[in-house]
Amino acid sequence: KNQVEQSPQSLIILEGKNCTLQCNYTVSPFSNLRWYKQDTGRGPVSLTIMTFSENTKSNGRYTATLDADTKQSSLHITASQLSDSASYICVVSEMYSGGGADGLTFGKGTHLIIQP
Amino acid sequence: DAGITQSPRHKVTETGTPVTLRCHQTENHRYMYWYRQDPGHGLRLIHYSYGVKDTDKGEVSDGYSVSRSKTEDFLLTLESATSSQTSVYFCASTRDGRDQPQHFGDGTRLSIL
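For the structure given in this document, a descriptive report is provided here. Just so it is clear, the structure is predicted and the values come from calculations on it, not from any experiment.

## Quick word on the interface of chain B and chain A
Interface size is commonly expressed as the accessible area that is lost once the parts come together.
Argument step 1. Contacts between chain B and chain A engage 20 residues on the former and 25 residues on the latter.
Argument step 2. Between the two partners, chain B and chain A, sit one salt bridge.
Argument step 3. Between Arg-42 of chain A and Asp-106 of chain B there is a salt bridge, with the nearest N and O atoms lying 2.9 Å from each other.
Argument step 4. Taken together, chain B and chain A are joined by seven residue pairs in polar contact (both at pLDDT 80 or more).
Argument step 5. When contributions to the side of chain B that touches chain A are tallied by element, the ones reaching two or more residues are β4 (31-37) and β5 (44-51) of chain B.
Argument step 6. When residues of the side of chain B that touches chain A are assigned to their parent elements, the largest contribution, four residues, is made by β4 of chain B.
Argument step 7. Its residues placed into classes, the side of chain B that touches chain A shows nine nonpolar, seven polar and four charged.

This is the structure we're talking about:
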């Protein structure tokens, strides 16, 4: 069964510090991996999406890396701000020849709290 | 961002009653999805649609039905609500399928007593 495991479950850091969130997956065959940010009471918002050939992608202070060989991804947040407090969700898409719209496996998320 | 609105945003109802949640998007996206989000679980797919009147089941479809009579509207119905269906429900859409980032609504918090 396809799985996406995220660590840590929760993390508390001080404003201005950097942090790294991890995502390990077993989804195969792999199509792409995306990171979402979900603020409390809101829907997830896409941060990055990476295909097999991409090993890093940035979106402002967010940088995602992908190692398709070891099936690992990380999301690095630089110079954290209070507004970074949220849940971060890793989602992996399975590649197959059908045209269906399922085939996404969601991680349970990492809950990040930035303290002043 | 795709304009996706969900209604209602909050609902409390009783076991055994029918409930319909509405998702409305203004971006002319072909694909629409319904998910539920529960503590200890990632988002789980209930049903999805790949066009008007074209729908298919997801991972946790039992007890739910959907309808899509117009491109912009995707309805989720709980025919006879049970307490296990208490959850936060999210709608999402994409233009051309799952290989694009999904645009999510802000959810409906449903409590079934």
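## Looking at unusual backbone geometry
Excluding glycine, residues mostly carry a negative phi; peptide bonds, for their part, are mostly trans.
Argument step 1. Note the cis peptide between Ser-7 of chain A and Pro-8 of chain A, where omega equals -10 degrees.
Argument step 2. With respect to the element layout, Pro-8 of chain A can be found in the loop between β1 (4-7) and β2 (10-14).
Argument step 3. Omega for the peptide link from Ser-7 of chain B to Pro-8 of chain B comes to -10 degrees, which places this bond in the cis form.
Argument step 4. By the element assignment, Pro-8 of chain B lies in the loop between β1 (4-7) and β2 (10-13).
Argument step 5. For Ala-79 of chain A, which is not glycine, the phi torsion reads 50 degrees and is therefore positive.
Argument step 6. With respect to the helices and strands, the residue Ala-79 of chain A is situated in the loop between β8 (72-77) and β9 (86-94).

## Focus on the sheet that holds strand β8 (residues 73-78) of chain B
All names here are of chain B.
Argument step 1. Taken together, the four strands give an open sheet; going across it, the order is β1-β3-β8-β7, and neighbouring strands pair in antiparallel fashion. Of all strands in the sheet, those bounded by a partner on one side alone are β1 and β7 (64-70). When strand polarity is set aside, the average angle formed by the axes of neighbouring strands in this sheet is 20 degrees.
Argument step 2. In terms of strand pairing, β7 meets β8 through five bridges, oriented antiparallel. Residue pairing for β8: Tyr-64 is matched across the bridge by Leu-78.

## Considerations on the packing of aromatic side chains
The description of two aromatic rings rests on the distance between their centres and on the angle between their planes.
Argument step 1. Scanning all chains against the criterion turns up nine aromatic pairs over all chains.
Argument step 2. Arranged with centres 6.3 Å apart and planes meeting at 50 degrees, the rings of Tyr-48 of chain B and Tyr-50 of chain B form a pair that is tilted.
Argument step 3. Taking the relative accessible area as the measure of exposure, Tyr-48 of chain B reaches 3% and is therefore buried.
Argument step 4. For Tyr-50 of chain B, a relative accessible area of 29% corresponds to the partly exposed category.
Argument step 5. Taken together, the aromatic side chains of Tyr-36 and Phe-106 of chain A together with Tyr-33, Tyr-35 and Phe-104 of chain B make up a single cluster linked through ring pairs.
Argument step 6. Between Arg-61 of chain A and the ring centre of Tyr-62 of chain A, over which it is positioned, the NZ or CZ distance is 5.8 Å.

## Quick look at the state of the cysteines
Argument step 1. For the structure on display, the rule yields two disulfides over all chains.
Argument step 2. A sulfur-sulfur separation of 2.0 Å characterises the disulfide bridge that pairs Cys-23 of chain A with Cys-90 of chain A. Its S-S torsion of approximately -65 degrees makes the covalent link between Cys-23 of chain A and Cys-90 of chain A left-handed. Of the two residues, Cys-23 of chain A is situated in strand β3 (residues 19-25) and Cys-90 of chain A in strand β9; the sequence distance between them amounts to 67 residues. Take Cys-23 of chain A and Cys-90 of chain A: they sit in the same class, and that class is buried.
Argument step 3. Across the disulfide, Cys-23 of chain B is cross-linked to Cys-91 of chain B (sulfur-sulfur distance 1.9 Å). When the S-S torsion is -75 degrees, as for the bridge of Cys-23 of chain B with Cys-91 of chain B, the disulfide is left-handed. Of this pair, Cys-23 of chain B sits in strand β3 (residues 19-25) while Cys-91 of chain B sits in strand β9 (residues 87-94), and the two are 68 residues apart along the sequence.
Argument step 4. Here Cys-23 of chain B falls in the buried class, since its relative accessible area comes to 0%.
Argument step 5. Classification of Cys-91 of chain B as buried rests on a relative accessible area of 0%.

Conventions and cut-offs
Residues numbered from 1 in each chain as written. Chains lettered and ligands numbered in written order. Predicted model: local features only at pLDDT ≥ 70, side-chain atom pairs only at ≥ 80, totals over all residues. Heavy atoms only, no water. Contact = heavy atoms within 4.5 Å. Salt bridge = Lys/Arg side-chain N within 4 Å of Asp/Glu carboxyl O. Polar contact = N/O pair within 3.5 Å; in protein donor to acceptor, adjacent residues only side chain to side chain. Helix = DSSP H or I, 4+ residues; strand = E, 2+ residues; numbered from the N terminus. Nonpolar A, V, L, I, M, F, W, Y, C, P; charged D, E, K, R; others polar. Pairing = 2+ DSSP bridges. Axes fitted to C-alpha atoms, helices over the stretch in contact; angles between N-to-C directions. Phe/Tyr/Trp six-rings, centres within 6.5 Å; stacked < 30°, edge-to-face > 60°. Buried < 20%, exposed > 50% of the residue type's maximum accessible area, 1.4 Å probe, protein only. Lys NZ or Arg CZ within 6 Å of the ring centre and 35° of its normal. Disulfide = S-S within 2.5 Å.

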